[in-house]
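# Reading the structure
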Amino acid sequence: MKRSRIGTGFIALAAASALALTGCSSSGSGGSSDGGDSSAIVTAWGSEPQNPLLPANTNEVGGGKITDSIYAGLVYYDGEGAAHNDIAESIETDDAKTYTIKLREDAKFTDGTPVQAHNFVDAWNFGAALDNQQLNSYFFEDIEGFSYDENVDELPGLKVTGDYEFTVTLNKAASDFPLRLGYTAYYPLPDVAFEDIEAFGQNPVGNGPYKLASDDAWEHDVKIDLVKNEDYNGPREPKNDGLTITFYASLDSAYSDLLGGNLDVLDALPDAALETYEDDLGDRAINQPAAINQTITIPARLEHFDGEEGQLRRQALSMAIDRAQITDVIFKGTRTTAQDFTSPVIDGWSDSIPGNEVLEFNPDEAKKLWAEADAIAPWSGTFEIAYNADAAHQGWVDAVSNSIKNTLGIDAAGKPYPTFPEIREIVTNRTIDSAFRTGWQADYPGLFNFLGPLFATNAGSNDGDYSNPEFDKLMQSGSVQTDQEKANADFQKAQEILFKDLPAIPLWYQNVSGGFSENVDNVTFGWNSVPLYYEITKK
């Protein structure tokens, strides 16, 4: 299945080979009351934000739920991860390197000031500057002038060309740049933010569908109260009167409140509820893929895993894994078996890429391929899968090892390391001497984000040091395409190469599992696992 593009506001070819996000800024029907009746306040589960609510310094889910609600960026993502315009009127380029961005002129911050081009440029410069030490600074690394070595107050790649227009020049072509612009790091900041940035983060002035209910709306470690921003006139107009996010100390307490009708939306589950939540909640239970996958990486430098022999063994190992049984027995159906290297919630995903049959459990073919590899060089020893023991990995690693052992008739076992930092250190310094568990959570809903950072030659997250010139060529071709459909076609062709080489073996997509109460309707969990709060209606 390939997800199709529907409606307006998607990335599309405008004219004369210009990539554009066409305007989509009209208000929806809403459906919410105007009086702020507390009965129309949606209650949701959350966690205390790690930092003050500054877009460029928010990179965790607790803070992200709030910043995404109180700010509006150039684009936003719908439930399936497709991009639509919000503050942007258009985003155009002829070469996927220099982008001209025009804003709609009717948006404003909650202090009454208009949202203008300089509000984006100032916010991005602040986020990128080394001295400001913002956690999301790397999202600006593709903009001309960005530096990890010295402070740059004003990026030369950002130019204000009018009150409602600015240009962005990248240091290399990136056709998916417009897709990135819905991420938290790219939100604008009002002028008042720079008067006292620390104080602003505690009581921010935003431009999104919600705003803080009062100056003391954020009760640390307890909750935050948001109300509908009546001045927001973009496409995410809330269909409720507000949102209270409670910072629960435990998921068990949150789940009890959900069952008792004291919590409207829960987007995570305690382990104890995995076997019962679908019976408990019925059609109010949620279990769907999110933009997260799990893989096993096998470096080519390991004995038996280079060249033709390595290719045969990787394919045999992949077909020796009974993914369906493991996701059912170990994860109680809260994972979905992989069919590619990306995620089904990403626009452009396909389950029919040639070569993906290596992800099917096929014991006979697995044994045949393993025997062909043995004819090149006989196998000896134990196939080990390294993992960090400070998280819930042992169960599935043991199950995968047993599946390989029973299918291929070889010794296979997990290889635990005490903590995540410990295993990452030896992976990073290339001293790990076995296969190891890997995974990826998308930064933005684009196919490139699952492929380029992980498998391009010398890419930053290429833990297996994979290199294939044909793959690199297709990734580069897709990056410079000004038609996103053609870019995605290149990225899918690149995956055909990955299915032959299998530098990492895809296992499954991680699902978001949760539910909602009988007090609400129209609940959608988005591509990144977070509910679309503005769509929820109270009964």
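The notes below deal with the structure included here. One numbering rule holds for all chains: residues counted from 1, following each sequence as written. Local features in a predicted model are, by the rule used here, given only for residues with pLDDT of at least 70; side-chain atom pairs are given and counted only at 80 or more, and totals for whole chains, interfaces and linings are based on all residues. Note that the side-chain values use all heavy atoms of the structure and ignore hydrogens as well as water.

## Brief notes about the overall build of the chain
The condition is simple: Secondary structure elements are defined from DSSP: runs of H or I of at least 4 residues count as helices, runs of E of at least 2 residues count as strands, and each element is numbered from the N terminus. Only protein chains enter the accessibility calculation, which uses a 1.4 Å probe. A residue is then buried if its area is under 20% of the maximum for its type, exposed if over 50%, and partly exposed in between. Contacts are assigned to residue pairs with any non-hydrogen atoms lying within 4.5 Å of each other.
Within the chain one finds 14 helices and 22 strands. Here the C-alpha coordinates of the chain stretch approximately 75 × 55 × 40 Å along the principal axes. Per-residue burial for the chain yields a buried fraction of 57% across its 539 residues. Taking contacts inside the chain between residues at least 6 apart in sequence as the whole, the part at least 24 apart equals 70%.

## Points about helix 1 (residues 61-70)
For the record, the criterion: What qualifies as a polar contact is a pair of N or O atoms within 3.5 Å, subject to a donor-acceptor requirement within protein and to the restriction that residues adjacent in sequence count only when both atoms come from side chains.
Most of helix 1 is tucked away: eight of the ten residues are buried. Where helix 1 begins, one side-chain oxygen reaches toward the backbone nitrogen of Gly62, 2.9 Å away; that side chain belongs to Glu60.

## Some points on the side chain of Asp264
Summarising the element assignment, Asp264 is placed in the loop between helix 5 (251-259) and strand 14 (265-266). Excluding residues within four positions of it along the chain, Asp264 makes contact with Ile41, Val42, Thr43, Leu258, Gly515, Phe516, Ser517, Asn519, Val520 and Lys538.

## Quick notes on the nonpolar core
Quick note on the threshold: Nonpolar cores are built from buried Ala, Val, Leu, Ile, Met, Phe, Trp, Tyr and Cys residues. Side-chain atoms within 4.5 Å join them into one set.
Formed by 109 residues in total, the largest nonpolar core has its most connected members in Leu74, Trp124, Phe166 and Phe471. Not counting residues within four places of it along the chain, the set of residues in contact with Phe471 comprises Leu451, Phe455, Ala456, Tyr466, Ala494, Ile497 and Leu498. Counting residues in hydrophobic clusters, the runner-up holds 32 residues, among them Leu302, Leu312, Ile321 and Trp508.

## A look at the packing of aromatic side chains
Basically, it comes down to this: We call Phe, Tyr and Trp rings a pair once their centres come within 6.5 Å, taking the six-membered ring for Trp, and we label the pair stacked below 30 degrees between planes, edge-to-face above 60, and tilted otherwise. Our definition puts a charge over a ring when NZ of Lys or CZ of Arg is within 6 Å of the ring centre and also within 35 degrees of the ring normal.
If you walk through the whole model with that rule in mind, you get 27 aromatic pairs. Here the aromatic rings of Phe120 and Trp124 are separated by 6.4 Å at their centres, their planes lie at 85°, and the arrangement is edge-to-face. With a gap of four residues between them, Phe120 and Trp124 both fall in helix 2 (residues 117-128), about one helical turn apart. With respect to class, Phe120 is no different from Trp124; both count as buried. Considering the side-chain rings of Trp396 and Trp508, the 5.4 Å spacing of their centres and the 85° angle between planes classify their relative orientation as edge-to-face. You can see Trp396 sitting in helix 10 (residues 394-408) and its partner Trp508 sitting in strand 20 (residues 504-516), a full 112 residues away along the chain. This pair shows no difference in class: Trp396 is buried, exactly as Trp508 is. Counting every residue linked through ring pairs, the aromatic cluster contains Tyr99, Phe120, Trp124, Tyr138, Phe139, Phe140, Phe166, Phe177, Tyr183 and Tyr186. Looking at Arg313, its charged tip hangs above the ring of Trp370, at a distance of 4.4 Å from the centre. Lying across the ring of Phe331, Arg335 places its NZ or CZ 4.3 Å from the centre.

Without other data, these values stay purely geometric and don't point to any function.
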